[in-house]
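One letter stands for each residue in the lines below.
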Amino acid sequence: MTSVGFDLDLTLADTRSGIAAVFDELSARVGVPIDSDAIITRLGPPLEIELANWFPADEIPAVATLFREIYPRVAVPMTTSMAGAREAIAAVRDRGGRVIVVTGKNVHDAVRTVNSLGFEVDEVVGSLFGAAKGTALARFGAAAYVGDHVADIEAARAGGAVSVTVATGPYTVEELRDHGADVALGDLTEFAAWFAGWRPHDELV
C-alpha cells in the first residue's frame, strides 16, 4: 500500500478567488488597503506571514481571527478543484493507498474545503508549513508528498517522502527542479500516469 500526502491550496484546491475575496472584505472592514491580486500570486506560507505585509505585529492576531471568521462563508463556496485533483486522489486509492492532506491552512477551513469539494481523503492536518509538515507525513507513512511550493520539497524531505511537485503555484517546472524536487509535473493531470509507473524506493532520474 502506497500512501501519498497532498498539499491543499493550488495543489488540490484552487483557492485563489476565494482568498482574494476574503482579503477584500477584510480590507473593507478594517479600513486598510490590501492588494489581494498580489497576495494570490504567493500563496503557501502561513496567513500570519502574509498579514505582516499589511499590519503591525501587535495587530496580526486579531486580524487573523477576523480573516478566519470570514473565510468559511466567503472563500469555501468559491473554491474549486484543481485540474486532475480528483483523478490523482483516485489513482492513489485505486492502488490501495491512503491519502493525507497536509496544509498550512488551519485544520477547520482545510476540512471544510476538502468536504466541500468531495475529496475522499483519510486524514487532514493543518497549520503546518515547510519542514514542519514532515512529522505528519512520517506518522502517516506517506511515501510521496505532492505540492506546488518549494517549501513542499522541504516537507517531503523532512518526512522521508519522495518530493512530487506541480507547477500550478508560484513556481515553474524548471524552478521546482532547480530547488531539488524529485518529480516536477506541469499539473495534477500528469500525476496518475506517473504514479502508475512508480514504486516506492525506485531510483528517480
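Cut-offs and rules
- Counting starts from 1 at the beginning of each chain's written sequence and moves along it residue by residue.
- Local features in this predicted model are restricted to residues of pLDDT 70 or higher, and side-chain atom pairs are both shown and tallied only at a pLDDT of 80 or more, whereas totals for entire chains, interfaces and linings draw on every residue.
- Each side-chain value is derived from all of the structure's non-hydrogen atoms; neither hydrogens nor water enter the calculation.
- If DSSP finds at least two bridges between two strands, the strands pair.
- What counts as a helix is a DSSP run of H or I of at least four residues, what counts as a strand is a run of E of at least two, and both are numbered from the N terminus.
- The convention used is that axes are lines fitted to C-alpha atoms, helices contributing only their stretch in contact, and that angles between N-to-C directions extend from 0 to 180 degrees.
- Nonpolar cores were defined as sets of buried Ala, Val, Leu, Ile, Met, Phe, Trp, Tyr and Cys residues, with membership established by side-chain atoms within 4.5 Å.
- Whether a residue is buried, partly exposed or exposed follows from its accessible area with a 1.4 Å probe, protein chains only, as a fraction of its type maximum: under 20%, in between, or over 50%, in that order.
- It only takes one pair of heavy atoms within 4.5 Å for two residues to be counted as in contact.
- In summary, the pairing rule links any two rings of Phe, Tyr or Trp, Trp by its six-membered ring, whose centres are within 6.5 Å, and it sorts them by plane angle into stacked for under 30 degrees, edge-to-face for over 60 and tilted for everything else.
- Salt bridges are defined by distance alone: a side-chain nitrogen of Lys or Arg within 4 Å of a carboxyl oxygen of Asp or Glu.

1. Remarks on the sheet that holds strand β7 (residues 162–166)
Working step 1: With parallel pairing, the six strands of this open sheet are ordered in space as β5-β4-β1-β6-β7-β8. The sheet is open, and its two borders are formed by β5 (123–125) and β8 (183–185), each paired with just one other strand. Across the sheet, the mean angle separating the axes of adjacent strands is 20 degrees when strand polarity is ignored.
Working step 2: Where strand β6 (residues 142–147) lies against β7, four bridges are found, and the strand directions are parallel. Note that in β7 the partner of Tyr-145 across the bridge is Ser-163.

2. Some thoughts on the nonpolar core
Working step 1: Among the nonpolar cores identified, the biggest contains 30 residues, and Phe-6, Leu-12, Val-164, Leu-188 and Phe-191 are the most heavily contacted of them.
Working step 2: Top contributing element to this core by residue count: helix α5 (residues 85–94), with five residues.
Working step 3: When near neighbours in sequence (up to four residues on either side) are disregarded, Leu-12 contacts Phe-6, Asp-7, Thr-80, Ser-81, Met-82, Ala-85, Ile-89, Val-101, Phe-119 and Leu-188.
Working step 4: In terms of nonpolar packing, the next biggest core, distinct from the first, is built from 23 residues, Ile-19, Leu-26, Ile-70 and Val-74 among them.

3. A word on the environment of Ala-184
Working step 1: Assignment of secondary structure puts Ala-184 in strand β8.
Working step 2: Residue Ala-184 is classed as buried on the basis of its relative accessible area of 15%.
Working step 3: C-alpha separation for the pair Ala-184 and Val-166, spaced 18 residues apart in sequence, amounts to 5.8 Å.
Working step 4: Beyond its immediate chain neighbours, meaning those up to four positions away, Ala-184 contacts Thr-165, Val-173, Leu-176 and Arg-177.

4. Some thoughts on the packing of aromatic side chains
Working step 1: Counting across every chain of the model gives eight aromatic pairs.
Working step 2: Taken together, a centroid distance of 5.7 Å and an interplanar angle of 50 degrees make the contact between Phe-191 and Trp-194 tilted. Here Trp-194 and Phe-191 lie together in helix α10 (residues 191–196), a separation of three residues that amounts to about one turn. The same class applies to Phe-191 as to Trp-194, namely buried.

5. What about the pattern of salt bridges?
Working step 1: Summed over the entire model, instances satisfying the criterion amount to 13 salt bridges.
Working step 2: The residue Arg-112 makes a salt bridge to Asp-109 at a minimum N-O spacing of 2.7 Å. Here Arg-112 and its partner Asp-109 are both found in helix α6 (residues 107–117), three residues apart, which amounts to about one turn of the helix.
Working step 3: Overall, Arg-112 belongs to the partly exposed group, its relative accessible area being 38%.
Working step 4: According to the relative accessible area criterion, Asp-109 is buried, its value standing at 3%.
Working step 5: A salt bridge links Asp-182 to Arg-157, with the shortest nitrogen-to-oxygen separation between them at 3.1 Å. Remark: Arg-157 occurs in helix α8 (residues 150–158) and Asp-182 occurs in the loop between α9 (173–178) and β8; sequence separation between them is 25 residues.
Working step 6: With a relative accessible area of 29%, Asp-182 lands in the partly exposed category.
Working step 7: Via salt bridges that share partners, Asp-7, Lys-133 and Asp-152 belong to a single interconnected network.

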